[in-house]
Amino acid sequence: MGWEALGQWGDDAVRIEPLAGGVANDVWRLRVNGQIAVGRLGTRSDADLAWEAALLQHLDREGMNVPVPISTSDGRLFVDGLVVMTYMEGGPPETAKDWRRVADTLRQLHGLTQGWPQRPGWRSSTDLLKAETGTKVDLRAMSPEGVARCRAAWARLSGRPTCVVHGNPTNPGNVRMTATTVALIDWDEAHVDVAELDLVLPQNAAGLDNDMHDIAGQASAAWEAAVCWDDDYAVKRLAEVRAV
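If you're wondering where the values come from, they're calculated on a predicted model, not measured in any experiment.

Turning next to the overall build of the protein. Helix and strand counts for the protein stand at 5 helices and 10 strands. For the protein, the C-alpha radius of gyration of 18 Å lies close to 18 Å, the compact-globule estimate for 244 residues. Oriented by its inertia axes, the alpha-carbon framework of the protein measures out at about 60 × 40 × 35 Å. Scored against the burial criterion, the 244 residues of the protein give a buried share of 48%. Restricting the contact set of the protein to residue pairs at least 6 apart, pairs at least 24 apart contribute 65%. Summed over all atoms, the accessible surface of the protein reaches about 11,500 Å², with 49% contributed by carbon and sulfur. The centroid of the 24 positive side-chain charges in the protein is displaced by 4 Å from the centroid of its 34 negative side-chain charges.

See the structure below:
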C-alpha cells in the first residue's frame, strides 16, 4: 500500500517533507490531527514492528523521552510497514557534557529493559559466537579470518547481563537534546544485547574503565562490520578489530 496507508491516521494526515537519515526506511515529517509527527515506511515484519512499538510504549510509561507510536483511527500502531510517531524536539549532542547526558539516558534504557525479549529474528553479539545469521548479519558472507576476529571480540562479552540496546547512539542524528531533556530516536537497530555496546561514546562519556572500553570498542567495531558487510564502512570497522 505504501504511503497510501497514511489515510488510516485520518483524512487530514499529510506528508510535509522528507527527513534526512533514513537508509533502510523512507522517513517524512507529517501533520496528523493538526500536530507535527514523523512517519517511517519500511519493510520490517509486523512482529518486528510490534516489538518496537511495545518497547517505546514501555519506555514512555517509565518516563523516558522517546518517539511514541500514534494509533490509526481504528487503534492500530502500524499498517503495511508504516509507523507514525510523535515528533521529538531538540538538536544533536555537541559537547562532552551533552554526551554524558546521553550516557545517563542510555543507562536508564538499559536499566528499564533487563529481561526484555529479543527482537524477532535478531541475534545478540554473543549469540553469534555459534549462530551464523540474524536479521542484517550473515557471517557466511565474511571471510573465515574476519569471522574469527569478530567472534573473538564478542567472546570477551560472554556472561555479561543483557538488555535492550539502542544500537546506534553515537550517530548525533539519533539524539534530540534540549536544555532539560534527552530523546533517543531511530530505534531501527535496537535489540537485546550487552549494554556496553551502547556505551562506546565520544570522549568516553560513559566513563568506562580502560579494560571495558577496549572490550566494548572491539566488540562494537566487530558488530558494525558484521551488520554492514561488505561496504567500505564495514571493511574499515573490521580493520579496527584486532587479529586473533
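Anyway, onward from the coordinates.
It is worth spelling out the nonpolar core at this point. Judged by nonpolar contacts, the single largest core of 56 residues is most densely connected at Leu139, Trp154 and Trp187. When residues of this core are traced back to their parent elements, those giving at least two are α1 (46-61), β4 (82-86), α2 (96-112), α3 (144-155), β8 (175-177), β9 (182-184), β10 (191-194) and α4 (210-228). The element best represented in this core is α4, accounting for 10 residues. With residues up to four places along the chain from it excluded, the contact list for Trp154 reads Ser125, Thr126, Leu128, Leu129, Leu139, Ala219, Ala222, Trp223 and Ala226. Counting 13 residues, the second-largest nonpolar core is a separate cluster that includes Trp9, Ala13, Val32 and Leu41.

To find leftover empty space, one rolls a probe the size of a water molecule over the atoms. Quantified by volume, the second largest pocket comes out at close to 230 Å³. Around the second largest pocket sit 15 residues that line it, and Gly167, Thr170, Leu197, Ser220 and Glu224 are the ones nearest its centre. Elements with a contribution of two residues or more to the lining of the second largest pocket: β10, α4 and α5 (232-239). Take the lining of the second largest pocket: its biggest share by element is 3 residues, from α4. When its residues are assigned to classes, the lining of the second largest pocket shows 6 nonpolar, 5 polar and 4 charged.

Before going further, it helps to spend a moment on the packing of aromatic side chains. Going through the model one piece at a time under the given rule, you end up with 2 aromatic pairs. Where Trp3 meets Trp28, the ring centres are 6.4 Å apart and the plane angle is 65 degrees; that geometry is what we call edge-to-face. With a gap of 25 residues between them, Trp3 in the segment before β1 (14-18) and Trp28 in strand β2 (residues 26-32) connect regions that are remote in the sequence. The pair Trp3 / Trp28 is uniform in exposure class, with both members buried.

The rules behind the values
Throughout this document, residue positions are counted from 1 along each chain, in the order its sequence is written. For this predicted model, a pLDDT threshold of at least 70 governs which residues receive local features, and a threshold of 80 or more governs which side-chain atom pairs are given and counted, while totals over whole chains, interfaces and linings are taken from all residues. Note: side-chain values were computed over all heavy atoms of the structure, leaving out hydrogens and water. Secondary structure counts use DSSP, requiring at least four H or I residues in a row for a helix and at least two E residues in a row for a strand, with both numbered from the N terminus. We take the radius of gyration over the C-alpha atoms and set the globule estimate at 2.2 Å times the residue count to the 0.38 power. Burial classification: accessible surface area is computed with a 1.4 Å probe over protein chains only, and a residue below 20% of its type maximum counts as buried, one above 50% as exposed, and the rest as partly exposed. Here a residue-residue contact requires only that any non-hydrogen atoms of the pair lie within 4.5 Å. All accessible-area figures derive from a Shrake-Rupley calculation using a 1.4 Å probe, and residue coverage is judged against the displayed protein chains alone. This count recognises Lys and Arg as positive and Asp and Glu as negative, with His and chain-terminal groups excluded. Where a charge lies is defined by one atom per residue type: Lys uses NZ, Arg uses CZ, Asp uses CG and Glu uses CD. Residues belong to a common nonpolar core when they are buried Ala, Val, Leu, Ile, Met, Phe, Trp, Tyr or Cys residues joined through side-chain atoms within 4.5 Å. For cavity detection a 1 Å grid was placed over the protein atoms alone, and a set of points counts as a cavity when a 1.4 Å probe fits there but cannot get out; an open set counts as a pocket when protein lies on both sides within 12 Å along at least five of seven lines, with lining residues being those that have an atom within 4 Å of a point. Grid points are joined across faces, edges and corners, and a volume is the space filled by probe spheres set on the points. Charged residues are taken to be Asp, Glu, Lys and Arg, nonpolar residues to be Ala, Val, Leu, Ile, Met, Phe, Trp, Tyr, Cys and Pro, and polar residues to be all remaining types, Gly included. Between the rings of Phe, Tyr and Trp (Trp by its six-membered ring), a pair exists once the centres lie within 6.5 Å; its type follows the angle of the planes, with under 30 degrees stacked, over 60 edge-to-face, and the other angles tilted.

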